[in-house]
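This is what each chain is made of:
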Amino acid sequence: MNPLQTPDLEALKYPIGKFVMPDKFDASDVEEWVGILQGFPARLAQAVTSLTPTALDFRYRPGGWMVKQVVHHLADSHMNAFIRFKLALTESQPTIKPYDEAKMAELSDSLNSPPEASIMLLTGLHQRWTELLNSLHLEDFNKTYFHPEYQKTFPLSYVLGLYAWHSNHHLAHIRQALSYRNDFLRVKVLLLNNQVLEQNLIV
């Protein structure tokens, strides 16, 4: 199905599907997710390092972020996740600080910095994150933090799985943007569930 002819906003927003936490969390999940985080900076670098400035401006869906914004968002997001992890490990159910990721993606550094800057940051960050994760016992992943935006408590097991998914989720966005080479800019509206939608949502 060609999304330019029959666009499906949900499929374009979630090319690998939404994150689903396993019913039972065990050591094999930790090993898999830590492996994804460990290898992610290299996979991201392979995907974007040789791209032209034009390709870095490709969007993964109508109204979505450009490739370069996705790369810098990954650095912003994973820095926050790493700190939240450490807070949960060193404090009793800390309350974390939410942030506006859409507004951050419109700041000058997200629009004008080369992707290599965030790849370098992610490389060092994920090296430290992986070192930390490999030092933990399985019961450590039961520790939690409180997210005031969602008014929910999240265990680190969920957070680990979520950010492994988040890595693959946005890498799929980048590949999607490169596949359609900005053809999404020619789509003025999306027809989804028989409704006309504005393209103003970022995921």
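The coordinates are above.
Here is what the cut-offs are and how they apply
Each chain has its residues counted from 1, following the order in which its sequence is written. Local features in a predicted model are, by the rule used here, given only for residues with pLDDT of at least 70; side-chain atom pairs are given and counted only at 80 or more, and totals for whole chains, interfaces and linings are based on all residues. By convention in this description, side-chain values take in all heavy atoms of the structure and omit both hydrogens and water. A helix here means a DSSP run of H or I that spans at least four residues, while a strand means a run of E at least two residues long, and both kinds are numbered starting from the N terminus. Between buried and exposed lies partly exposed: a residue is buried under 20% and exposed over 50% of the maximum accessible area for its type, with that area taken using a 1.4 Å probe on protein chains only. When checking whether two residues touch, look at their non-hydrogen atoms; a contact exists if any pair is within 4.5 Å. Areas reported here follow the Shrake-Rupley algorithm with a probe of radius 1.4 Å; residue values treat only the protein chains shown as occluding. Here the nonpolar core consists of buried residues drawn from Ala, Val, Leu, Ile, Met, Phe, Trp, Tyr and Cys, with membership extended through side-chain atoms lying within 4.5 Å. Salt-bridge detection follows one rule: a side-chain nitrogen of Lys or Arg within 4 Å of a carboxyl oxygen of Asp or Glu. At least two bridges found by DSSP between two strands are what make those strands a pair. Stacked, tilted and edge-to-face are the three classes assigned to paired rings of Phe, Tyr and Trp, where Trp is represented by its six-membered ring and a pair needs centres within 6.5 Å; plane angles under 30 degrees give stacked, over 60 edge-to-face, the rest tilted. To obtain an axis, a line is fitted to C-alpha atoms, over the contacting stretch when the element is a helix, and the angle between two such axes runs from 0 to 180 degrees between their N-to-C directions. An angle counts as roughly parallel when it lies under 35 degrees, as roughly antiparallel when it exceeds 145, as roughly perpendicular when it falls between 65 and 115, and as oblique in every other case. Here a crossing is taken to be left-handed if its near helix is turned anticlockwise relative to the far helix by less than a right angle, and right-handed if that turn runs clockwise. Any residue outside Ala, Val, Leu, Ile, Met, Phe, Trp, Tyr, Cys, Pro, Asp, Glu, Lys and Arg is labelled polar, Gly included; the first ten of those are nonpolar and the last four are charged.

## Concerning the overall build of the chain
(1) Moving on: Along its length, the chain carries eight helices and four strands.
(2) Moving on: For the chain, the succession of helices and strands along the chain, N to C, is α-α-α-α-α-α-α-β-β-α-β-β.
(3) Moving on: Out of the 203 residues in the chain, the part that is buried amounts to 45%.
(4) Moving on: Within the chain, residue pairs in contact and separated by at least 24 positions form 77% of the contacts whose partners lie at least 6 positions apart.
(5) Moving on: For the chain, the exposed surface amounts to about 10900 Å²; the carbon and sulfur share of it is 52%.

## Some remarks on the nonpolar core
(1) Moving on: Core analysis: the biggest nonpolar cluster contains 48 residues, and Leu44, Phe85, Leu133 and Leu160 have the highest contact counts within it.
(2) Moving on: Elements with a contribution of two residues or more to this core: α2 (27–48), α3 (53–56), α4 (67–90), α7 (115–134) and α8 (156–180).
(3) Moving on: Discounting chain neighbours no more than four positions away, the residues touching Leu133 are Val34, Leu37, Phe85, Phe141 and Leu160.

## A look at the environment of Pro94
(1) Moving on: If you trace the backbone, Pro94 turns up in the loop between α4 and α5 (101–104).
(2) Moving on: Measuring from C-alpha to C-alpha, the distance between Pro94 and Arg84 comes to 8.6 Å, with ten residues separating the pair along the chain.
(3) Moving on: In contact with Pro94, other than residues within four places in its own chain, are Leu87, Ala88, Thr144, Tyr145 and Phe146.

## Considerations on the pattern of salt bridges
(1) Moving on: Evaluation of the coordinates by the stated rule reveals three salt bridges.
(2) Moving on: The partner of Lys18 in a salt bridge is Glu10, with the nearest N and O atoms 3.3 Å apart.
(3) Moving on: Put simply, Asp140 and Lys143 hold a salt bridge, and the shortest N to O gap is 4.0 Å.
(4) Moving on: By relative accessible area, Asp140 is classed as buried at 14%.

## Things to note about the environment of Phe19
(1) Moving on: Examined against the element boundaries, Phe19 turns out to sit in the loop between α1 (9–13) and α2.
(2) Moving on: A residue is classified by how much of its surface remains accessible, and Phe19, at 17% relative accessible area, is buried.
(3) Moving on: A C-alpha to C-alpha distance of 8.0 Å links Phe19 and Gly161, two positions 142 residues apart in sequence.
(4) Moving on: Phe19 has contacts with Trp33, Tyr158, Gly161, Leu162 and Trp165, leaving out every residue within four places of it along the chain.

## Section: the pairing of strand β2 (residues 152–155)
(1) Moving on: Of the strand pairs in this sheet, strand β1 (residues 144–147) and β2 are connected by four bridges, and their pairing is antiparallel. Bridge pairing in β2 links Phe146 to Thr153.
(2) Moving on: Count of turn residues in the β1/β2 antiparallel hairpin: four residues, of which Gln151 carries a positive phi of about 55°.

## Some points on the packing of aromatic side chains
(1) Moving on: Counted by the stated rule, this structure contains eleven aromatic pairs.
(2) Moving on: Through successive ring pairs, a cluster of aromatic residues spans Phe19, Phe25, Trp33, Phe82, Phe85, Trp129, Phe141, Tyr145, Tyr150, Phe154, Tyr158 and Tyr163.

## Considering the packing of α4 against α7
(1) Moving on: In the contact formed by α4 and α7, the axes pass within 9 Å of each other and the chain directions differ by 25°. Here α4 lies roughly parallel to α7, going by the angle between them. At the point where α4 passes α7, the crossing takes the left-handed sense. Residues Val71, His72, Leu74, Ala75, His78, Met79, Ala81, Phe82, Phe85, Lys86 and Leu89 of α4 touch α7, and the partners they reach there are Pro115, Ser118, Ile119, Leu121, Leu122, Leu125, His126, Arg128, Trp129, Leu132 and Leu133.
(2) Moving on: Each residue belonging to the contact of α4 with α7 can be placed in one class, and the counts come to 16 nonpolar, four polar and two charged.

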